[in-house]
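# A structural walkthrough
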Amino acid sequence: MKESFDWGDKMETKILHDDFGNTATIFEKMMLPYRGATKQKKSYVLSLTADYEMDFLYFRSVYESMEELNAKLATFSCGTWK
C-alpha cells in the first residue's frame, strides 16, 4: 500500500500503470510558479514509481500544461501507460 502524503490544495489525481511494473501519478496543484510570485497558478505534477522496488520514486517533475506532461510521459515505458 502506498503512503499517503498531504499535498495541500491538490485538486485531481490520475493513476496510470505501464507494462513494466511502474506507476505514474498525475495531479493538479495550485502553486506559486516562481519565488516572489503573488498569484498561484494551476500546475501538473508527474511522479513515477517502481512498484517492484517498494514504490521507489524515480522521477518527479512539474509542468504548466497537460500537453507538456503527456509529451514527457510518452518518453517513459515505451508508451504503455494505461
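Residues numbered from 1 in each chain as written. Predicted model: local features only at pLDDT ≥ 70, side-chain atom pairs only at ≥ 80, totals over all residues. Heavy atoms only, no water.

### Here's the deal with the pattern of salt bridges
Between side chains of opposite charge, a pair can form as their charged atoms come close. Under the defined criterion, the tally for this structure stands at three salt bridges. A salt bridge links Lys-82 to Asp-19, with the shortest nitrogen-to-oxygen separation between them at 2.2 Å. In this pair, Lys-82 is assigned in the segment after helix 1 (66-73) and Asp-19 in the loop between strand 1 (10-17) and strand 2 (22-31), connecting sequence segments 63 residues apart. Taking the relative accessible area as the measure of exposure, Lys-82 reaches 59% and is therefore exposed. Between Glu-64 and Lys-41 there is a salt bridge, and its shortest N-O distance comes to 3.6 Å. Of the two residues, Glu-64 is situated in the loop between strand 4 (56-63) and helix 1 and Lys-41 in strand 3 (residues 41-50); the sequence distance between them amounts to 23 residues. Assessed through its relative accessible area of 55%, Glu-64 is described here as exposed. (Salt bridge = Lys/Arg side-chain N within 4 Å of Asp/Glu carboxyl O. Helix = DSSP H or I, 4+ residues; strand = E, 2+ residues; numbered from the N terminus. Buried < 20%, exposed > 50% of the residue type's maximum accessible area, 1.4 Å probe, protein only.)

### Some words on unusual backbone geometry
We note that Met-54 has phi near 55°; this positive angle belongs to a residue other than glycine. In this structure, Met-54 sits in the loop between strand 3 and strand 4. Under the relative-accessibility criterion, Met-54 is labelled exposed at 80%. Positive phi outside glycine occurs at Asp-55, with the angle close to 55°.

### Focus: the confidence of the model for the protein chain
For the protein chain, the mean per-residue pLDDT works out to 89, and 87% of the residues sit at or above 70. Ranking the elements of the protein chain by mean pLDDT puts strand 1 last with 84 and strand 4 first with 97. Residue range residues 1-5 is modelled with pLDDT below 50. Its contacts to residues more than four positions away, or to other chains, number four contacts. (pLDDT = per-residue confidence, 0-100. Contact = heavy atoms within 4.5 Å.)

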